[in-house]
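# Coordinate analysis (summary)
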Amino acid sequence: MSAVVDVASSGDEDEVDDGDAGRDPFGEAAIEVDDDELRRVSPGAWAGRMTERLDGLGRRLIYGW
């Protein structure tokens, strides 16, 4: 992870003498996605819900529930 941080912070104009970037990763320019919105568009969430439905259908067909 330190290699990624080094590459991401290289070239910062406001880099201090000790090598730390003056940029705040959780500052104003951070991209934040609401949990509900992420669940709506996430392929993993879609696949999970589809798997649950198929499992339920299979259970009803096999066991007659």
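Just so it is clear, the model here is predicted, and its values are computed rather than measured.

Let's shift gears to the overall build of the chain. Looking only at helices and strands, the chain features 3 helices and 0 strands. Reading the chain from its N end, one meets helices and strands in the order α-α-α. Looking at the chain residue by residue over its 65 residues, the buried ones come to 5%. For the chain, the accessible area works out to roughly 6200 Å², and carbon and sulfur atoms hold 56% of it.

For helix α3 (residues 43-63), built from 21 residues, the straight-helix expectation of 30 Å at 1.5 Å per residue is met to within 8% by its first-to-last C-alpha distance of 30 Å. Where α3 ends, the next residue or the one after it, Gly 64, has phi of about 75 degrees, a positive value.

On the surface, a nonpolar cluster with roughly 690 Å² of combined accessible area is contributed by Met 50, Leu 54, Leu 57, Leu 61, Ile 62 and Tyr 63. Position of Leu 61 among the secondary structure elements: in helix α3.

The subject of this paragraph is the confidence of the model for the chain. Model confidence for the chain is summarised by a mean pLDDT of 75, while 62% of its residues fall at 70 or above. The least confident element of the chain is helix α1 (residues 2-9), whose mean pLDDT is 62; the most confident is α3, at 91.

Reading the values: the criteria
- Every chain is numbered independently, its residues counted from 1 as its sequence is written.
- This being a predicted model, a pLDDT of at least 70 is required before a residue's local features are given, and a value of 80 or more before pairs of side-chain atoms are given or counted; all residues contribute to the totals for chains, interfaces and linings.
- As a rule here, side-chain values come from all non-hydrogen atoms in the structure, and water together with hydrogens is ignored.
- Comment: elements are numbered from the N terminus, with helices defined as DSSP H or I runs of at least four residues and strands as E runs of at least two.
- Here's how the labels work: a residue is buried when its accessible area is under 20% of the maximum for its type, exposed when over 50%, partly exposed in between, all with a 1.4 Å probe on protein chains only.
- Using a 1.4 Å probe, the Shrake-Rupley method yields the accessible areas, and only the shown protein chains count as cover for residues.
- Each helix should span, by expectation, one fewer than its residue count multiplied by 1.5 Å.
- Patches in this entry comprise residues that are over 30% relatively accessible and not in a salt bridge; like charges within 9 Å are linked, as are nonpolar side chains (Val, Leu, Ile, Met, Phe, Trp, Tyr) within 5 Å.
- Whenever Lys or Arg places a side-chain nitrogen within 4 Å of a carboxyl oxygen from Asp or Glu, that contact is recorded as a salt bridge.
- The pLDDT value expresses, per residue, how confident the predictor is, ranging between 0 and 100.

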